[in-house]
Amino acid sequence: MPSSAELIRPRRWRRALLWAMLVSLLLVAQSLLVWLTLNFESNRAQETVEGVAAAVVVDLKQALRRDQQNLQALLWNNPSSDEWRQDAATLLRTRRELLRVERRGEDMAVTGAVDSPFQQPVFSQIPRDDLDLEADLACAAAKRQAGPAYSRTYFVPMSGAMGQEVVDLCMPVVNEGRAEGFMVSTLSLPRLLDEVVPNEVMRGHEILFVEGDGTRLARAGVPRGAGVFKSERLVDLPGLTLQLRVDSSGGRPQLIPNLTTALVLGLSLALGAVVALLARDVRKRANAESALAESLAFRKAMEDSLVTGLRARDLQGRITYVNPAFCNMVGFPAAELIGQMVPSYWPPEKVTEYLERQAVRLSGTTAPPREGFETVFMHRDGARFPVMIYEAPLVDGTGTHTGWMSATLDLSAQRKVEEMSRQQQERLQATARLATVGEMASLLSHELNQPLAAIASYAAGSLNLMNDPAEDTPVLLRQAAQRIAEQAERAGRVIKSVHDFVRRREQAHEPVRADQLIDSVLPLVRLQARKSGARIEIDLPTPVPRVVCDRTMLEQVMLNLTRNGIQSMESDTPLERRELRIRVRQSHPRWVTFSIIDHGPGVNPDVASRLFTPFFTTRTEGMGLGLSLCRTVIEQHGGVLDFQNLQGQDGKPGGAEFRFTLVAEAPHGPSHAARARASDSSTR
């Protein structure tokens, strides 16, 4: 027995490992919390800058729109020159971003101008005529658009080595639908920012107009932004696009305040987790017994509700447990079964066999099959019934192998269903054969007309010869009698072939040569072929392979497939191409492939998916069972039935090939099917 110190040492090691994992998780959680907090602060600061930029753009557009409206108001009611100057001076005193307002004629000559009273005239250093290019271009655009147009920005020098970026706004003057000139106003970009941007925004941000290469045109707000959180927006104006940049003065979020918050939150979470673990540890011992009782009750309820029989045996083979479903299955109560080494539900005639199998199982040299095995049990009333047993090792809580646990399924109901299915299949086979015979009746009437007509003709000729006294009359009568006998034998062969087909009963699987299987249905196939004007070609290898099959059922499959192939060529296939080929190939040592090839139009793609569905047919007189039964028969033989459309040399549909596989007879020893039946019987 291990000492107490040896038991405590692993326990302490596990406890230390758990605490180390807890500390590691807390560190990871706190680090993630700090990172998420900093990332959140950065995103919030960037979103704030984006919102400021969007708001400034809206304010700029509204301010410029108000300037346009005020400038247009100067021309209302066609004022005189003095009135226009007075109104323009008033406007310049209220709108400080407007530096100059000019009135020009159609030839762009200045007829009146008013400068802002808040600074020296904007064109005092360089004459207006020398800086008139941008205004001319803006007015040309305004004339084409019949509306206001802005010029490109340009720099105007001023006294004291100063200057500023300005832009011209040109508005056409229209009187009674006729253009009479233009009104040009000069706007200062720095003053526009100072007038439009709110003071609270400028205290924390640098607002700039920049060019595409980053050159500053005008600025407002703090002397310089931090360059961390920036946003750029475009101000679209008629004829001009200004690029606005908002640069926040704030830098990246500081670590200290966020770290403090993260540590407090992390310690709080850690404390809560420790308290929860302590509470769980206190309740653990109290809940252990109730949890165990609930587990046992749940397991018993689950086992009692199963319809599958459960049986446990120890390593000596004694039954240690059975559930109610197993007791109901065998008819014995649990008290009578517990402790038995030779169970009462074993049939007496199989006790020796079962004891040998149990000895092999208990020895541990052979593991139970994962797919289970089938055997026979006996009910208390003596009735035998088949069962399927799935067995697995029984292991206790310490991992020790203590016995075997078996799950048992009663197969009686399944066997009844299989028997009903087999009987139903036989009835369908019989129905299909009777339907085939009904269709053969018309062929018989056509085929028998020829020998009967010949017999009648020879008989009439014989009667006429009897009245002729010629010397060669006996010889001619003998020849006529021979012809009558030949035609009668021919008619008898036709009737016998149909009679043999109808009267043939189901036989067991037996080896049959492929040519014998084809010859047995060939007379009936030729009846259909002669009526349709088709030719039959047989393609057999040398030596002819042998297959293991139920001959009667395979004859039905061959007849259905060949008749379908002949009927497919009756309508659209020329008479010279009506050829049905029956081909046999041994594609594998274990398989033989039969192919029925016609030269009809092939299988329509819309029909292909439902071709093997029961009761689906494309013929008005068909039942829709032929191909479905053919596939069922081939699959019962372990083979596969499929088809493919063929193409002719001209690329058009050239017929269809239906092929199926059968198990080939083994060259030595029992066939594959016989070996499968032997293996199946050995599992019992």
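What counts and what doesn't
- Residues numbered from 1 in each chain as written.
- Predicted model: local features only at pLDDT ≥ 70, side-chain atom pairs only at ≥ 80, totals over all residues.
- Heavy atoms only, no water.
- Helix = DSSP H or I, 4+ residues; strand = E, 2+ residues; numbered from the N terminus.
- Expected span 1.5 Å × (residues − 1).
- Buried < 20%, exposed > 50% of the residue type's maximum accessible area, 1.4 Å probe, protein only.
- Salt bridge = Lys/Arg side-chain N within 4 Å of Asp/Glu carboxyl O.
- Pairing = 2+ DSSP bridges.
- Axes fitted to C-alpha atoms, helices over the stretch in contact; angles between N-to-C directions.
- Contact = heavy atoms within 4.5 Å.
- Core = buried A, V, L, I, M, F, W, Y, C linked by side-chain atoms within 4.5 Å.
- Parallel < 35°, antiparallel > 145°, perpendicular 65-115°, else oblique.
- Left-handed = near helix turned anticlockwise from the far one by under 90°.
- Nonpolar A, V, L, I, M, F, W, Y, C, P; charged D, E, K, R; others polar.
- Polar contact = N/O pair within 3.5 Å; in protein donor to acceptor, adjacent residues only side chain to side chain.
- pLDDT = per-residue confidence, 0-100.

A.B. asks: Hey, could you run me through helix H13 (residues 551-568) in this one?
C.D. replies: Three or four residues apart is the spacing at which side chains of an α-helix point the same way, because the helix has 3.6 residues per turn. Between its first and last C-alpha, H13 extends 26 Å over 18 residues, near the 26 Å set by a 1.5 Å rise per residue. The element H13 is extensively covered by neighbouring structure, given that 15 of its 18 residues are classed as buried.

A.B. asks: When you look at the pattern of salt bridges in this model, what are you seeing that I'm missing?
C.D. replies: Pairing between side chains of opposite charge can happen when their charged atoms approach one another. In total, this model carries 31 salt bridges according to the counting rule given. Close ionic contact of Arg100 with Glu102 constitutes a salt bridge, the shortest N to O distance being 2.4 Å. Both residues of the pair, Arg100 and Glu102, count as buried. When salt bridges that share partners are traced, they join Arg100, Glu102, Arg104, Asp115, Arg128, Asp132, Asp136 and Asp168 into one network.

A.B. asks: It is not clear to me how the sheet that holds strand S11 (residues 309-314) should be interpreted in this structure. Could you clarify?
C.D. replies: Sheets are built from strands paired through backbone hydrogen bonds, the pairs being either parallel or antiparallel. If you walk across this open sheet you meet the five strands as S12-S11-S15-S14-S13, and the pairing is antiparallel. Each end of this open sheet is capped by a strand with a single partner; those strands are strand S12 (319-322) and strand S13 (373-378). Averaged over all pairs of adjacent strands, the angle between strand axes in this sheet comes to 35°, irrespective of strand direction. Strand direction decides the pairing type here: S11 and strand S15 (residues 401-410), joined by six bridges, are antiparallel. If you follow Gly309 over to S15, its bridge partner there is Thr408. Contacting S11, S13, strand S14 (384-395) and S15, helix H9 (residues 351-363) runs over the sheet at an angle of about 130° to S13.

A.B. asks: How should the sheet that holds strand S8 (residues 216-221) be read in this particular structure?
C.D. replies: Strand order in the open sheet formed by four strands is S8-S7-S10-S9, with antiparallel pairing between adjacent strands. The strands lining the two open edges of the sheet, one partner per strand, are S8 and strand S9 (230-237). Direction aside, the axes of adjacent strands within the sheet are offset by 20° on average. Of the pairings in the sheet, the one linking S9 to strand S10 (residues 240-248) comprises eight bridges and is antiparallel in character. Bridging from a neighbouring strand, Leu234 pairs with Gln243 of S10. Across the sheet, helix H4 (residues 189-196) touches strand S7 (205-210), S8 and S10, and the angle it forms with S8 is around 25°.

A.B. asks: Mind showing me how you'd approach unusual backbone geometry here?
C.D. replies: A negative phi angle is the norm for most residues apart from glycine, just as the trans form is the norm for most peptide bonds. Put simply, Thr542 and Pro543 share a cis peptide bond, and its omega is 0°. You can see Pro543 is positioned in the loop between strand S17 (535-539) and strand S18 (546-549). The phi dihedral of Met108 is positive, around 70°, even though this residue is not glycine. Overall, the relative accessible area of 18% leaves Met108 in the buried class. The phi dihedral of Ala146 is positive, around 60°, even though this residue is not glycine.

A.B. asks: I'm lost on the nonpolar core in this one. Help?
C.D. replies: Here is a general trend for soluble globular proteins: nonpolar side chains tend to be buried in one another's company. In terms of nonpolar packing, the biggest core is built from 43 residues, with Leu60, Leu71, Leu193, Phe209 and Leu244 touching the most fellow members. Take this core: its biggest share by element is nine residues, from helix H1 (residues 4-73). Beyond its immediate chain neighbours, meaning those up to four positions away, Leu60 contacts Leu192, Leu193, Val196, Phe209, Val235 and Leu244. Judged by nonpolar contacts, the second largest core, of 42 residues, contains Leu517, Val525, Leu559 and Val607.

A.B. asks: Is there a simple way to think about the packing of helix H12 (residues 514-532) against H13 in this case?
C.D. replies: Geometrically, a packed helix pair is captured by the angle between its two axes and the distance between the axes. Packing of H12 against H13 brings their axes to within 9 Å, and their N-to-C directions diverge by 25°. It follows that H12 is roughly parallel to H13 by the angle criterion. Crossing handedness for the pair H12 and H13: right-handed. Contacts between H12 and H13 involve Gln516, Leu517, Ile518, Ser520, Val521, Leu524, Val525, Gln528, Ala529 and Ser532 from the first element and Arg551, Leu554, Glu555, Met558, Leu559, Thr562, Arg563, Ile566 and Gln567 from the second. Broken down by class, the residue content of the contact of H12 with H13 amounts to 10 nonpolar, six polar and three charged.

A.B. asks: I'm lost on the environment of Arg583 in this one. Help?
C.D. replies: Topologically, Arg583 is positioned in strand S19 (residues 579-588). Setting aside residues no more than four positions away along its own chain, Arg583 makes contact with Asp539, Thr593, Phe594, Ser595, Ile597 and Glu657. A distance of 3.1 Å separates a polar atom in the side chain of Arg583 from a polar atom in the side chain of Glu657.

A.B. asks: Honestly, the pairing of S14 in this entry has me stumped. Any pointers?
C.D. replies: Looking along a regular strand, one sees the side chains alternate between the two faces of the sheet. Judged from the six bridges that link them, S13 and S14 form a sheet pairing that is antiparallel. From the neighbouring strand, Thr375 faces S14, where its bridge partner is Val387. Where S14 folds back on S15, the antiparallel hairpin that results is connected by five residues, among which Gly399 adopts a positive phi of roughly 85°.

A.B. asks: Please clarify how the confidence of the model for the protein should be interpreted in this entry.
C.D. replies: Should the pLDDT be low somewhere, the predicted coordinates at that spot are not to be read in detail. On average, the protein scores 79 in pLDDT, and the residues at 70 or more come to 80%. For the protein, the element scoring lowest by mean pLDDT is helix H16 (residues 672-682), at 41; strand S20 (residues 591-597) scores highest, at 94. Segment residues 1-5 is flagged for pLDDT under 50; beyond a separation of four residues in sequence, or across chains, it makes one contact in the model. For residues 669-684, every residue scores under 50 in pLDDT, and the model assigns this stretch 18 contacts once sequence neighbours within four places are set aside.

A.B. asks: Could you clarify how one ought to interpret the environment of Glu576 in this entry?
C.D. replies: Summarising the element assignment, Glu576 is placed in the loop between H13 and S19. Separated by 42 residues in sequence, Glu576 and Ala534 have C-alpha atoms that sit 8.4 Å apart.

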